[in-house]
Amino acid sequence: MTETQAKSRGQELVAQIFRGSWVLSALAVLTSFIAGGLLIALSNAGVQSASGYFVSRPLDTLTAIWNAVFGAYDALFRGSIFNYQSTTWVGMIKPITETLAYATPITFAGLGLAVAFRSGLFNIGGTGQIIFGAMFAGWVGIYVDLPFWIHFPLAVIAGVIGGAFYGALVGLLKATTGANEVIVTIMFNYIAALLLTYLLKTPILQAPKAVNPISPPVMESAKYPAFLGSDFRIHAGFIAMLLAVWGVWWLLNRSTMGFQFRALGHNPNASRVAGINIGLNYVLVMAVSGALAGLAGTSQILGTEGFLTTGVAASFGFDAITVALLGRNKPIGVLAAGILFGGLRAGAVTMQANQGVPIDIVFIVQSMIVLFIAAPPLVRAIYRLPTGEKSARKVSARKAAKAAAK
Amino acid sequence: MKLELRGITKKFGALVANDNVNLLAEPGKIHCLLGENGAGKSTLMNVLYGLYQPDSGEILVDDKQVVFGGPGDAMAAGIGMVHQHFMLIPVFTVAENVILGHEPVRFGGILDLEAARKKVKEISDSFGFDVDPDAVVGDLPVGVQQRVEIIKALVSDAQVLIFDEPTAVLTPQETDELMVIMKQLRDSGKAIVFITHKLREVKEVADKITVIRLGKVVGEAKPTDSAEEMAAMMVGRAVDLDVHKRAAKLGETTFKVSELSAWSDTGHQVLEDVSFEIRAGEILVIAGVQGNGQTELTEAILGMHGKTHGSIELDGYQLIGKNVKQVLDLGVGFVPEDRTEDGLVAEFTIAENLMLDRSDREPFAKGMALKLDYLKGFAQEKVKQFDVRAQGITSLAGELSGGNQQKVVLARELSRDLRLLVASQPTRGLDVGSIEFVHEQIVAARDSGIPVLIVATELDEATQLGDRIAVMYRGKVVGIVDPKTDRAVLGQMMAGITATGSKKAKK
């Protein structure tokens, strides 16, 4: 009995891996890189000229393709993981710390969106919530003068509150008026961005005597400590992010609140009948989601950036959507996807500088990842994987047969 | 026309939905296909109707093999299907619905509605259907709509008519009328396949009965066989069809609904001055055809209905104005009508579903943290106690059979200290074995000394389970009667005709 149980559990694991999602995610990434390589080859000047005499000397073209693609991905590797060409130890490991520095806000925001997605709310408002987090944290970091042990936590908490407030507002609108959260969050992104632009042109946030929309720098006492020294951009926000990964896992899987969030996400009707307050939970979900996005804002303003600009949210709000989906809305998956995206961003710079590969290639790869994840049948068709539906049915049929046999 | 299915096998992955099934429908015979939900009846009919391709086996029409690529082929071959859920367009007239898909045209492509009207009238008259071709379908009673479906099949000259669970939506009267229609059709030489799990109907009209269980034909039954024998064939073991309960030990009146009215979001009145009382230790069954306010009544009790007026009192507490959580906390157990939609989270495990309504408090939680160890022990105990057949407590609720799903819902609701149990169609779609179990649990809840409110659409269930029966029609309680009241009287009440001779049972 135990043997068959173990066996069926093993089979199920295999089935789950293939049906689900991890293999598909990995294959989506792989496929995107292959397609990206194709584009690199096509846009490469060497390949273009060599293909002019492809018929007489085909090997030249192939060599050129190899050089272009290998060169580009090699640069990507050197820019994001380990620079073996560098002569100093700092230079060698800097790329991976860059990757993690970029991964910090992306993962924070990705976690926030994952919480919302798991709860059935399609929060597109990462950008706005990051901006609000950054504005609140920035204001405290710039204008309040306190010793580090008070100032820093206060600034971070202000960022959390900023994001949570802006998220909760969406939840409140949905709960009270039934407004669609997708539309509301998209519009809220504009409001946040334009509000920030406005405030950066008024004395409220603009640095005195500055011409550009830019704030004064955040005081050192409010900044995430750079635990590897000032040579590196990575800061304690990364450690906070790892804690948040664990925290979100605990929230979703071990807490009463997360249980209600997930129930709501899977079946709001049954949740309502079970006495779960749907409206209140909409607000809570969006507050938690916004708080995490707010933390992404703090890691920017109190970490890597140091002052507010209109570009504080960069494209993290939207990257976070991809990261949450790629990570299958599971905290550890979001972390892995966040690091991947951080790496792409860090490596893209080197790729452009060293190989002249346009940085857009990286955006194309990122976009294709989204495409392949959104269309699992496409990936399944490419790799001839069994369809999820079928194997799911097999599993349930096997279960039914077993239950009947009892 | 003779229709024969030979050795039909249809697999979905590892699941064999039909295993070497043989079926013969002959002209002038009503052939019943009897089986529980999930036995493979619908799959077989979808194979016959060209919606599924069989993995092996053949379909023969008049001894010639045919292959149906879709419903169109099947219809062309003379097979008509009366679906469980009507395929009618409510804003069209009867005639328009009937010709939909093969509209007759006059010269120049002008729709020849006159011909359609004539045809409908002709068929309606010849079978005594009493259907007006110009009536808008949406205005017609369900029973008449079903006749429109039948006419639709007859217009395309169907010789074999398949009725897929046709009585699920009908009142007892309408059911009786349908039985008469089926017999007429048979006598006019049609071959009829009647799919059902209701033994009473089978006994009434069947000429031949094929019993199917777990995708296999387990045998033929005779219409003269007893219901118990047929049920045993269907389930594969002896079944007790009667609800065993002792006389109710009536306590105080602890649950009281008075002059309850409710309106839908669109302002339409759905409940009108509903009043009744239930005493502790008593089962009151709300009988009636689906859609006559029963759903709204249970929603109002649970605090889920928006616009309500009147009073609902439990143990002296007013339930109106309270939210779902507050109502549940007063000790109301609720088994919803649609368990997959409202009762369970399909993607959650059995264990998680068992704490769905109490996830935020002792003993399932301490502060913010869930006590998963406690849940594990609790779930294992409940799964055993309620005989939930599953691999384990971590099986997903969505993968369970209907019966086992309902057991999970019951286990959850009955494991609290209840002051009132409300169960809406608790046995809908369940197999005979699970029905037996659910009824036992409901009676046990009653005997524990609480008032029990059951919504039932099946008259058999209402009369067997209820200590009293309240019949609802169009949002009103037509009358409250003794369960021994004559079926015909109950049927009339369900159709809105107030019973005069049975008022005495009202308390």
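Since the model is a prediction, treat every value here as computed from it, not as a measurement.

Right, let's talk about the overall build of chain B for a bit. The helix and strand tally for chain B stands at 17 helices and 24 strands. Relative to the globule expectation of 23 Å for 507 residues, the C-alpha radius of gyration of chain B, 25 Å, shows essentially globular dimensions. With respect to the three principal axes, the spread of C-alpha positions in chain B is 75 × 50 × 45 Å. By residue count, 47% of the 507 residues in chain B fall in the buried class. In chain B, the share of contacts with a sequence separation of at least 24, taken over all contacts with a separation of at least 6, comes to 66%.

Quick look at the overall build of chain A now. Helices and strands together make up the secondary structure of chain A, namely 17 helices and zero strands. The buried share of chain A, reckoned over its 406 residues, is 49%. Long-range contacts, defined here as pairs at least 24 residues apart, represent 75% of the contacts in chain A between residues at least 6 apart.

Here chain A shows a mean pLDDT of 87. Residues at 70 or above account for 90%. Segment residues 389-406 of chain A is flagged for pLDDT under 50; beyond a separation of four residues in sequence, or across chains, it makes 29 contacts in the model.

The next point concerns the sheet that holds strand E22 (residues 452-456) of chain B. Residues and elements named next belong to chain B. Across the sheet, which stays open at both edges, the six strands sit in the order E18-E21-E22-E15-E23-E24 with mixed pairing between neighbours. Across the chains shown, the open sheet's two edge strands, defined by having one partner strand only, are strand E18 (332-335) and strand E24 (476-481). Averaged over all pairs of adjacent strands, the angle between their axes in this sheet comes to 20°, without regard to strand direction. Across five bridges, the pairing between strand E23 (residues 468-473) and E24 is antiparallel. Along E24, the bridge assignment pairs Met 472 with Val 477.

Looking now at the packing of helix H9 (residues 237-254) of chain A against helix H12 (residues 278-304) of chain A. All names here are of chain A. Contact pair H9 / H12: the axes reach a minimum separation of 10 Å and the direction vectors enclose 170°. As summarised for this structure, H9 and H12 are arranged roughly antiparallel, according to the angle between their axes. Here H9 runs over H12; the crossing is left-handed. In this structure, H9 contributes Gly 237, Ala 240 and Ala 244 to the contact, and H12 contributes Leu 292, Leu 295, Thr 298, Ser 299 and Gly 303.

Moving on: the pairing of strand E9 (residues 160-164) of chain B. Residue and element names in this part refer to chain B. Of all five residues in E9, five are buried; the element is thus mostly enclosed. Neither face of E9 is exposed, since Val 160, Ile 162 and Asp 164 on one face and Leu 161 and Phe 163 on the opposite face are all buried. Examined bridge by bridge, strand E6 (residues 79-82) and E9 share four bridges and lie parallel to one another. Residue Met 81 lies in a different strand from E9, and its bridge partner there is Ile 162.

Further remarks concern helix H10 (residues 256-266) of chain A. Of all 11 residues making up H10 of chain A, nine are buried, and the element is well covered by its neighbours. Regarding H10 of chain A, the residues found buried are Thr 256, Gly 258, Phe 259, Gln 260, Phe 261, Arg 262, Ala 263, Leu 264 and Gly 265 of chain A. Taken together, the buried residues of H10 of chain A touch helix H5 (89-118), H9, helix H11 (268-273) and H12 of chain A together with strand E19 (365-366) and strand E20 (369-370) of chain B.

Right, let's talk about the sheet that holds E6 of chain B for a bit. Residues and elements named next belong to chain B. Strand order in the open sheet formed by six strands is E6-E9-E10-E3-E11-E12, and the pairing between neighbours is mixed. The open sheet has two free edges, formed respectively by E6 and strand E12 (216-221), since each of these has just one partner strand. Ignoring which end each strand starts from, the neighbouring axes of this sheet average 20° apart. Sheet topology places strand E11 (residues 208-213) next to E12; five bridges connect them, and they run antiparallel. Following the sheet pairing, Val 211 is matched in E12 by Gly 219. Helix H1 (residues 41-48) rests against strand E3 (29-35), E6, E9, strand E10 (191-196) and E11 of the sheet, and its axis sits at about 150° to E9. Packed on one face of the sheet, helix H8 (residues 227-235) meets E3, E11 and E12 and runs near 170° to E12.

Across the boundary between the two partners, chain A contributes 27 residues, which contact 32 residues of chain B. Every element with two or more residues in the side of chain A that touches chain B is listed here: H10, H11 and helix H17 (388-405) of chain A. Of the residues in the side of chain A that touches chain B, the class split is nine nonpolar, nine polar and nine charged.

Now for unusual backbone geometry. All names here are of chain B. Here Glu 362 and Pro 363 are connected by a cis peptide whose omega angle stands at -5°. The backbone of Asn 20 sits at a positive phi, close to 50°, despite the residue not being glycine. When you line up the elements, Asn 20 lands in strand E2 (residues 15-25). Located in the positive-phi region is Asp 387, a residue other than glycine, with phi close to 55°. Along the chain, Asp 387 turns up in the loop between helix H13 (372-385) and helix H14 (402-414).

All names here are of chain B. Split by domain assignment, chain B resolves into domain 1 (3-235) and domain 2 (253-331 + 417-505). Listed by partner, the interface residues are nine residues for domain 1 and 11 residues for domain 2. When residues of the side of domain 1 that touches domain 2 are traced back to their parent elements, those giving at least two are helix H6 (172-187) and H8. It is H8 that contributes the most residues to the side of domain 1 that touches domain 2, three residues altogether.

Attention now goes to the pairing of E22 of chain B. Residues and elements named next belong to chain B. The element E22 is extensively covered by neighbouring structure, given that five of its five residues are classed as buried. Going residue by residue along E22, you find Val 452, Ile 454 and Ala 456 tucked away on one face and Leu 453 and Val 455 tucked away on the opposite face as well. Direction of pairing for strand E15 (residues 283-287) relative to E22: parallel, over a ladder of five bridges. Note on E22: the bridge partner recorded for Leu 284 is Leu 453. Running through helix H15 (residues 432-447), the crossover from strand E21 (residues 420-424) to the neighbouring parallel element E22 is right-handed.

All names here are of chain B. Summing up the model confidence of chain B, the mean pLDDT is 87 and the portion of residues at 70 or higher is 98%. With pLDDT under 50 throughout, residues 501-507 is counted as low confidence; its partners more than four residues away or in other chains account for 11 contacts. Both scores are given for the predicted complex: the pTM is 0.79, the ipTM 0.83.

Mapping Leu 344 of chain B onto the fold places it in the loop between helix H11 (339-343) and helix H12 (350-354). In this structure Leu 344 of chain B comes out as buried when scored by C-beta crowding, with 29 C-beta atoms within 10 Å. Expressed as a C-alpha distance, the spacing of Leu 344 of chain B and Leu 185 of chain B, which sit 159 residues apart in the sequence, is 42 Å. Ignoring any residue separated from it by four or fewer positions in sequence, one finds Leu 344 of chain B in contact with Ala 270 of chain A together with Arg 339, Asn 353, Ala 397, Gln 405, Val 408 and Val 409 of chain B.

Turning our eyes to something else, we now look at the environment of Ile 382 of chain A. Tracing the backbone shows Ile 382 of chain A in helix H16 (residues 376-383). Separated by 221 residues in sequence, Ile 382 of chain A and Ile 161 of chain A have C-alpha atoms that sit 45 Å apart.

Definitions and limits used
Residues numbered from 1 in each chain as written. Chains lettered and ligands numbered in written order. Predicted model: local features only at pLDDT ≥ 70, side-chain atom pairs only at ≥ 80, totals over all residues. Helix = DSSP H or I, 4+ residues; strand = E, 2+ residues; numbered from the N terminus. Rg over C-alpha atoms; globule rule 2.2 N^0.38 Å. Buried ≥ 20, exposed ≤ 12 C-beta atoms within 10 Å, placed from the backbone. Contact = placed C-beta atoms within 7 Å. pLDDT = per-residue confidence, 0-100. Pairing = 2+ DSSP bridges. Axes fitted to C-alpha atoms, helices over the stretch in contact; angles between N-to-C directions. Parallel < 35°, antiparallel > 145°, perpendicular 65-115°, else oblique. Left-handed = near helix turned anticlockwise from the far one by under 90°. Nonpolar A, V, L, I, M, F, W, Y, C, P; charged D, E, K, R; others polar. Domains from an automatic or database assignment. Right-handed = clockwise from strand over helix to strand, strands pointing away.

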